[in-house]
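Fold and geometry: a report
Take a look at the letters that make up each chain.
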Amino acid sequence: MADSLPTEFDVIIIGTGLPESILAAACARSGQRVLHVDSRSYYGGNWASFTFSGLLSWLQEHEQDSEAGDKSPAAWQTLIRDTEEAIALRGQDDTIQHVEVFRYASEDGGDGAEEVGALQRNPSSEASSTLTQPLDPACPSEETHPDSTGPETPAKDTPQPDGDISPEVTDGEENQVTGEDGGDQTRGHPASDGAEDENKPPAEDSADPPRRTRITYSQIVKEGRRFNIDLVSKLLYSQGSLIDLLIKSNVSRYAEFKNVTRVLAFRDGRVEQVPCSRADVFNSKELSMVEKRMLMKFLTSCLDSEQHPGVLEGQDVTRRPFSEFLKTQKLTPNLQHFILHSIAMAEPSCSTADGLQATKHFLQCLGRYGNTPFLFPLYGQGEIPQCFCRMCAVFGGIYCLRHRVQCLVVDKESGRCEAVIDGLGQRISAKHFVVEDSYLSRETCAGVRYPHISRAVLITDRSVLQAESDQQVSILTVPPAEPGAPAVRVAELCSSTMTCMKDTYLVHLTCPSARTAREDLEPAVQALFTPSTEADTDTDTGGLGKPRLLWALYFNMRDSSGVSRGSYRGLPANVYVCSGPDCGLGNEHAVKLAEALFQQISPGEDFCPPPPNPEDIIFDGEDKPPEPPGTSDIIVAKLEAPEGSQHPDCPGQHPQN
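Owing to the predicted nature of the structure, the values given are computational and were not obtained by experimental measurement.

A few words on the sheet that holds strand β15 (residues 417-422). Pairing within the open sheet is antiparallel, and its four strands lie in the order β4-β14-β15-β16. Two strands lie at the open edges of the sheet, namely β4 (84-88) and β16 (427-429), each paired on one side alone. Pairs of neighbouring strands in the sheet enclose a mean axial angle of 30 degrees, with direction left out of account. Note that β15 and β16 share three bridges and pair antiparallel. Following the sheet pairing, Val420 is matched in β16 by Ile428.

This is how it looks when you write it as structure tokens:
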């Protein structure tokens with residue numbers, strides 16, 4: 001398809017992360033011609049989700065890129081005219097660093113961890129910040145991300161009517177949406193072989209004590225297609241900007257969501273459930289009757305603080321730490337801990353104003369879709385960028401994965417970017433250009449200092465807090481172990497989220513980086529899990545103890561969300577920069593960034609308006625009836641796929657219950 005691309009567009013977007021995908025959908029919806037390209041073989045960039053074997057392949061590719069360096073060909077230089085200059089783009093992605101992988105589950109049921117090259121090391125071995133050897137050949141590496149095996153252009157769909165539409169919220173039903181790649185879609189699990197039964201909690205046998213299910217590494221590899229592992233850990237606030245955008249644009253029809261069922265707290269070495277709703281507060285066994293009344297009074301005052309500012313009377317809300325403010329509110333230490341770490345989810349040093357705002361936002365999100373404020377997309381966070389890519393394709397956007405853009409072409413006289421030159425030497429012109437910051441060269445980023453995010457992905461055999469149902473989705477904050485250290489956010493996903501196999505949990509840990517990811521996060525991992533043979537002893541004796549750690553990945557991810565456009569050198573005015581994921585729990589930054597860039601590209605246009613009514617759409621080639629007076633606003637939609645972009649499956653199906 002790449003050799004037959006049109007040579008002129010309105011907007012060219014490089015990178016398929018969440019802000020770029022939202023922006024592509026908004027531009028296509030407003031009638032602009034959009035070319036959306038990515039040199040990667042999958043959608044999402046650092047927002048992507050992988051199967052287990054796909055993640056191992058991604059790690060192997062990262063290792064090879066690190067060893068090879070950025071050795072991009074310079075043949076494009078001969079295509080630059082005398083009146084032009086070029087801004088080279090980077091071919092190597094260096095946003096991921098300090099990758100370390102550990103296998104704790106045994107291959108054949110034996111005890112202990114087993115070292116496999118530099119990627120699968122024994123926990124007792126010396127940590128290394130780089131990958132130096134290839135993956136174990138026993139681990140399938142031929143399967144990449146599920147989106148890397150099919151055509152690069154998402155199929156198109158007829159826009160759906162506007163209406164009062166909300167995201168599909170399920171309790172673990174299988175997603176019926178086909179991915180953009182078509183063909184070998186590893187994110188949709190087959191209904192056979194007991195896939196549906198795996199999402200149901202097993203029947204409890206009251207006669208026998210609960211025992212752990214032994215999970216080996218071979219089982220994880222064999223069931224690898226049931227995993228969907230996110231590179232970035234995010235949740236959706238039920239009253240957040242992303243949910244509002246999904247509903248407004250009707251992109252919610254492309255995805256399904258599951259409620260986060262529990263908010264947990266970690267205190268004095270114990271994991272406890274935090275009461276969120278009024279019913280939870282009064283049913284809680286962790287709080288005394290006096291504490292319940294204190295908590296309800298404080299939460300009510302937070303919601304009414306704008307109308308009744310008495311709670312803030314005489315308080316310096318901008319400078320005083322939120323933790324100090326809580327001490328003045330006649331709250332017990334137990335309640336102060338719950339509010340700071342599990343409701344506001346704030347650092348102890350955050351200001352009182354920010355802490356109260358976070359608490360209020362938490363409370364306002366309760367009850368819209370469940371008893372917690374959060375939703376999680378089935379099959380992982382990587383589904384969300386793909387949903388917006390589908391919307392872009394519906395309105396005529398053209399997609400090319402594995403398609404590198406080598407440079408931006410700038411006119412010397414006007415100082416504006418006029419075109420790009422791709423990996424095949426084709427010159428493609430446009431009016432506006434959007435670039436994911438990971439593609440910017442070292443010269444363009446010179447002088448920019450990026451903070452980083454410490455990430456860990458764990459596979460465990462049990463939840464951190466046992467409950468009657470084993471299908472729990474939990475969010476937990478581990479307070480800092482020492483003053484000045486960041487708190488660690490933990491998201492625990494069960495198999496009904498379609499992100500892990502039966503009898504396992506997928507656990508994401510996130511915090512701002514101070515050191516390498518392993519150094520930042522390992523204390524929290526050791527506090528919550530047992531990554532040693534002690535768990536095998538518990539299993540043999542019938543005890544439960546801490547959840548057993550089966551597999552772990554640590555890495556640092558660059559956080560460019562706080563870098564202003566002016567920090568980048570030599571970019572023309574019509575070249576816009578999109579940042580990668582930030583460290584926050586929600587997706588507010590990505591949505592705000594996409595909307596801000598859209599308003600710069602298309603001032604005054606509506607951002608992702610609802611789709612037109614199908615009855616108002618006239619297809620090319622159909623006999624058009626005479627237009628009655630006053631109906632000149634009928635929309636004409638071209639639904640033919642571009643040449644070479646035939647797609648075996650249509651991704652625009654409504655999610656089915």
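Picking up after the structure, the text goes on.
This paragraph deals with the pairing of strand β11 (residues 270-273). Sheet analysis places strand β10 (residues 262-267) next to β11, joined by four bridges and oriented antiparallel. Opposite Phe266, over in β11, you have Val271 as the bridge partner. Connecting β10 to the antiparallel partner β11 that follows it, the hairpin turn spans two residues, and Asp268 within it adopts a positive phi of roughly 55 degrees.

Our focus in this paragraph is the packing of aromatic side chains. On inspection of all chains with the given rule, the structure shows 13 aromatic pairs. Ring centres 6.0 Å apart and planes at 70 degrees place the aromatic pair Phe52 and Tyr217 in the edge-to-face group. Of this pair, Phe52 sits in helix α2 (residues 52-68) while Tyr217 sits in helix α4 (residues 217-222), and the two are 165 residues apart along the sequence. Across the pair, exposure class does not vary: Phe52 and Tyr217 are buried alike. When the centroid spacing of 5.6 Å and the interplanar angle of 50 degrees are considered together, the rings of Phe598 and Phe607 count as tilted. Both residues of the pair, Phe598 and Phe607, count as buried. Every member of this aromatic cluster is reached through a ring pair, and the members are Tyr42, Phe50, Trp58 and Phe555. Above the plane of the ring of Tyr217 lies Arg103, whose end atom (NZ or CZ) is 3.7 Å from the centre.

To continue, consider helix α7 (residues 289-303). For α7, built from 15 residues, the straight-helix expectation of 21 Å at 1.5 Å per residue is met to within 8% by its first-to-last C-alpha distance of 22 Å. Restricting attention to buried positions, one finds in α7 the residues Glu291, Lys292, Leu295, Met296, Phe298, Leu299 and Cys302. The arc that holds the buried residues of α7, viewed along the axis, is 165 degrees, so those residues lie on one side. Pointing more than 90 degrees away from the buried face of α7 are the exposed residues Val290, Arg293 and Lys297.

A few words now on the sheet that holds strand β1 (residues 11-14). Strand order in the open sheet formed by five strands is β13-β2-β1-β17-β23, with parallel pairing between adjacent strands. Each end of this open sheet is capped by a strand with a single partner; those strands are β13 (398-400) and β23 (575-578). Within the sheet, the average angular offset between the axes of one strand and its neighbour, ignoring direction, is 15 degrees. In this structure, strand β17 (residues 432-436) lies alongside β23, joined through four bridges in parallel fashion. Across the sheet, Val434 pairs through a bridge with Tyr576, a residue of β23. Across the sheet, helix α1 (residues 18-29) lies against β1, β2 (34-37), β13, β17 and β23, angled at about 160 degrees from β2, the strand it touches most.

Turning next to the confidence of the model for the protein chain. The share of residues in the protein chain with pLDDT of 70 or more is 71%, and the mean pLDDT across the chain is 79. Across residues 109-167, where pLDDT falls below 50, the model places 196 contacts with residues more than four positions away in sequence or in other chains. For the stretch residues 171-207, pLDDT sits under 50, and the model shows 102 contacts to residues farther than four places along the chain or on other chains.

Moving on, we get to the side chain of Glu272. Along the chain, the position of Glu272 falls in strand β11. At 2.5 Å, the side chain of Glu272 forms a polar contact with the side chain of Arg270.

What follows deals with the environment of Leu440. In this fold, Leu440 is placed in the loop between β17 and β18 (452-460). Given a relative accessible area of 1%, Leu440 falls into the buried group. C-alpha separation for the pair Leu440 and Gln92, spaced 348 residues apart in sequence, amounts to 9.9 Å. Residue contacts for Leu440: discarding those within four places in its chain leaves Leu89, Arg90, Val435, Cys445, Tyr568, Leu571 and Val577.

With respect to the helices and strands, the residue Thr213 is situated in the loop between α3 (195-198) and α4. The sequence separation of Thr213 and Arg462 amounts to 249 residues, and the corresponding C-alpha distance is 9.0 Å.

This part takes up the nonpolar core. Soluble globular proteins tend to bury their nonpolar side chains together. Judged by nonpolar contacts, the single largest core of 67 residues is most densely connected at Phe52, Phe298, Phe322, Phe374, Trp551 and Leu553. In this structure, Phe374 is in contact with Leu235, Leu236, Tyr237, Asn259, Val260, Val263, Met345, Phe362, Ile475 and Leu585, ignoring residues within four places of it in sequence. Judged by nonpolar contacts, the second largest core, of 48 residues, contains Cys27, Phe257, Cys387 and Phe607.

What follows concerns the pairing of strand β22 (residues 549-558). The element β22 is extensively covered by neighbouring structure, given that ten of its ten residues are classed as buried. Bridge count between strand β5 (residues 96-103) and β22: six bridges; the pairing is antiparallel. Counterpart to Ile96 in the pairing with β22 is Met557.

Assignment of secondary structure puts Thr352 in helix α10 (residues 352-365). From its side chain, Thr352 meets the backbone oxygen of Pro321 in a polar contact 3.4 Å long.

This part covers the pattern of salt bridges. Evaluated as defined, the whole model comprises 20 salt bridges. For the salt bridge of Lys327 with Glu324, the shortest nitrogen-to-oxygen distance reads 3.6 Å. Of the two residues, Lys327 and Glu324 are both situated in helix α8 (residues 322-327); the distance of three residues between them amounts to about one turn of the helix. Here Lys327 falls in the exposed class, since its relative accessible area comes to 52%. Judged by its relative accessible area of 34%, Glu324 is partly exposed. The closest approach of N and O atoms between Asp520 and Arg515, which form a salt bridge, is 3.6 Å. Exposure remark for Arg515: the relative accessible area of 48% places this residue in the partly exposed category.

Below, the discussion takes up the packing of α7 against α10. Their axes nearest at 9 Å, the elements α7 and α10 cross at an angle of 100 degrees. Of the possible angle classes, the one that applies to α7 and α10 is roughly perpendicular. The segment α7 lies against α10, with Phe298, Leu299, Cys302 and Leu303 engaging Leu356, Thr359, Lys360, Leu363 and Gln364.

Quick look at helix α11 (residues 383-394) now. Taking 1.5 Å per residue as the helical rise, α11 with its twelve residues ought to reach 16 Å, and the 17 Å between its terminal C-alpha atoms agrees with that figure. Of all twelve residues in α11, twelve are buried; the element is thus mostly enclosed. Gly396 occupies a position one or two residues after α11 and carries a positive phi of about 100 degrees.

What counts as what
Residues numbered from 1 in each chain as written. Predicted model: local features only at pLDDT ≥ 70, side-chain atom pairs only at ≥ 80, totals over all residues. Heavy atoms only, no water. Pairing = 2+ DSSP bridges. Helix = DSSP H or I, 4+ residues; strand = E, 2+ residues; numbered from the N terminus. Axes fitted to C-alpha atoms, helices over the stretch in contact; angles between N-to-C directions. Phe/Tyr/Trp six-rings, centres within 6.5 Å; stacked < 30°, edge-to-face > 60°. Buried < 20%, exposed > 50% of the residue type's maximum accessible area, 1.4 Å probe, protein only. Lys NZ or Arg CZ within 6 Å of the ring centre and 35° of its normal. Expected span 1.5 Å × (residues − 1). Arc of directions from axis to C-beta. Contact = heavy atoms within 4.5 Å. pLDDT = per-residue confidence, 0-100. Polar contact = N/O pair within 3.5 Å; in protein donor to acceptor, adjacent residues only side chain to side chain. Core = buried A, V, L, I, M, F, W, Y, C linked by side-chain atoms within 4.5 Å. Salt bridge = Lys/Arg side-chain N within 4 Å of Asp/Glu carboxyl O. Parallel < 35°, antiparallel > 145°, perpendicular 65-115°, else oblique.

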